[in-house]
Amino acid sequence: MSAGGPATPPKAAWLTHEERGTALGIRFVVWLCNQAGRAVARAFVRMLALYFVLFAGASRRASRGFLTHVLGRKARLGDVVKHITTFALVALDRVFLLQGQREKFELTSHGTEHLDALTAQKRGAILLGAHLGSFEAMRARADKRGHDLYVLAYLENAKKITQALSALAPEMHDRVIALGSVDALLRAKEVVDQGAMIAMLGDRTGLNSKTTEVDFFGRKAALPTGPFLLASTLRCPVLLVFGLYAGGNRYQMFCEPFAERIVLPRKDRERALHDYAQAYAARIEHYARLYPFNWFNLYEFWSSEQPA
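Residues numbered from 1 in each chain as written. Predicted model: local features only at pLDDT ≥ 70, side-chain atom pairs only at ≥ 80, totals over all residues. Heavy atoms only, no water.

### A look at the pairing of strand β6 (residues 197-201)
Inference 1: Of all five residues in β6, four are buried; the element is thus mostly enclosed.
Inference 2: Bridging between strand β3 (residues 125-129) and β6 involves five bridges; their strand directions are parallel. The partner of leucine 128 across the bridge, within β6, is methionine 200.
Inference 3: The pairing of strand β4 (residues 149-153) with β6 spans three bridges and is classified as parallel. Across the sheet, valine 151 pairs through a bridge with alanine 199, a residue of β6. (Buried < 20%, exposed > 50% of the residue type's maximum accessible area, 1.4 Å probe, protein only. Helix = DSSP H or I, 4+ residues; strand = E, 2+ residues; numbered from the N terminus. Pairing = 2+ DSSP bridges.)

Written out as structure tokens, the structure is:
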């Protein structure tokens, strides 16, 4: 396949992973957070993460493969434990952030002037992130600064977690636009036209989306072109956002301009889509090099025909 050619993946790995944990188990973790506090809850999820490392073979292998490639050496078991524990701790922090307990965290921002300018001008935009770090920390920081923010997300593969977390912040329900719903595009256009921002993650394929192959850490990976098609339709600016966990209670929040407008010429549409996806992949790679244990695509991300 050519660099700019589209493709529809036969199967999106993240969509085929069943949600782990029962609704009772998720409610127990929420209860533990509220009754025992963050320190006790963190100790508990560390044990859960170790169990996950021991018994979730596919995720363990995906973690080892990613870290081996990114760290430039063979990943040790301790690296994998740290990787999956980081994922678990960041997921745990969502409970506190959704309940508005931002005072528990040190959220350091870089580039917020770009969001402030758009809010002052009442201009809508797409905030494009990835499964790298904490989406919730980024949202919490934006809310605190008074930005009008909606979330565009696919929720069907994580219903238990979504329901449990929605109960913590019911006001968020009206600010989530469900990908795959018949009116998702119309709703997205409506909120952007009103000057609001739409936050979404753009690094996972699926939902019959078209993809393009990009270079990612020197290997080929498929990225969806949907976010760029959406931005082109909405005719709004695109900014990249990442909320990266730095240990303890610290998060580093990054925001940077990506495109004032996504322009897709009719004669070279696929090449333009590829170029935008490649530029996006390069920025994900940049931050993943800085924070490799924040990479939360715990499945085989690169094209399967390429050896690790």
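### Remarks on the sheet that holds β6
Across a sheet, paired strands are connected by hydrogen bonds in the backbone, their directions being either parallel or antiparallel.
Inference 1: Overall, mixed pairing links the seven strands, which are arranged β2-β10-β9-β3-β6-β4-β5 in an open sheet. Edge positions in the sheet fall to β2 (106-110) and β5 (176-178), since each of these pairs with one other strand and no more. Neighbour-to-neighbour, the strand axes of this sheet turn through a mean angle of 25°, independent of strand direction.
Inference 2: Of the strand pairs in this sheet, β2 and strand β10 (residues 250-259) are connected by five bridges, and their pairing is parallel. Paired with glutamate 106 across the two strands is arginine 250, which belongs to β10.
Inference 3: Lying on the sheet, helix α6 (residues 112-121) is in contact with β2, β3, β6, β9 (238-245) and β10; it crosses β10 at an angle near 60°. (Axes fitted to C-alpha atoms, helices over the stretch in contact; angles between N-to-C directions. Contact = heavy atoms within 4.5 Å.)

### Topic: the packing of helix α5 (residues 77-98) against helix α7 (residues 135-144)
Inference 1: Taken N-terminus to C-terminus, the directions of α5 and α7 make an angle of 20°; their axes are 9 Å apart at the nearest point. The angle between α5 and α7 falls in the class roughly parallel. Handedness of the crossing formed by α5 with α7: left-handed. Seen from α5, the contacting residues are Arg94, Leu97 and Leu98; seen from α7, they are Glu136, Ala137, Arg139 and Ala140.
Inference 2: Within the contact of α5 with α7, the residues separate by chemical class into four nonpolar, no polar and three charged. (Parallel < 35°, antiparallel > 145°, perpendicular 65-115°, else oblique. Left-handed = near helix turned anticlockwise from the far one by under 90°. Nonpolar A, V, L, I, M, F, W, Y, C, P; charged D, E, K, R; others polar.)

### Structural notes on the nonpolar core
Inference 1: Residues Phe66, Phe216, Phe228, Phe258, Ile262 and Tyr280 are the most contacted members of the largest nonpolar core, which totals 52 residues.
Inference 2: With nine residues, helix α11 (residues 269-290) is the single largest residue contributor to this core.
Inference 3: Each residue touching phenylalanine 66, except ones within four places of it in the same chain, is listed here: His83, Phe216, Phe217, Ala288, Pro292, Trp295 and Trp302.
Inference 4: By size, the runner-up hydrophobic cluster in this structure holds 45 residues, among which are Ala56, Ala125, Ala140 and Met172. (Core = buried A, V, L, I, M, F, W, Y, C linked by side-chain atoms within 4.5 Å.)

### Focus: the confidence of the model for the protein
Inference 1: Of all residues in the protein, 86% attain a pLDDT of 70 or more, and the chain-wide mean is 87.
Inference 2: Contacts for the low-pLDDT stretch residues 1-11, under 50 throughout, to residues beyond four places or in other chains number 24 contacts.
Inference 3: Across residues 13-19, where pLDDT falls below 50, the model places 18 contacts with residues more than four positions away in sequence or in other chains. (pLDDT = per-residue confidence, 0-100.)

### Focus on the packing of helix α9 (residues 184-193) against helix α10 (residues 226-234)
Inference 1: Viewed as axis vectors pointing N to C, α9 and α10 meet at an angle of 55°, and their least axial separation amounts to 10 Å. One element, α9, and the other, α10, form an angle in the oblique class. The crossing of α9 and α10 is right-handed. Where α9 approaches α10, its residues Leu185, Ala188, Lys189 and Val192 are matched on the opposing element by Leu230, Thr233 and Leu234.
Inference 2: Split into classes, the residues belonging to the contact of α9 with α10 amount to five nonpolar, one polar and one charged.

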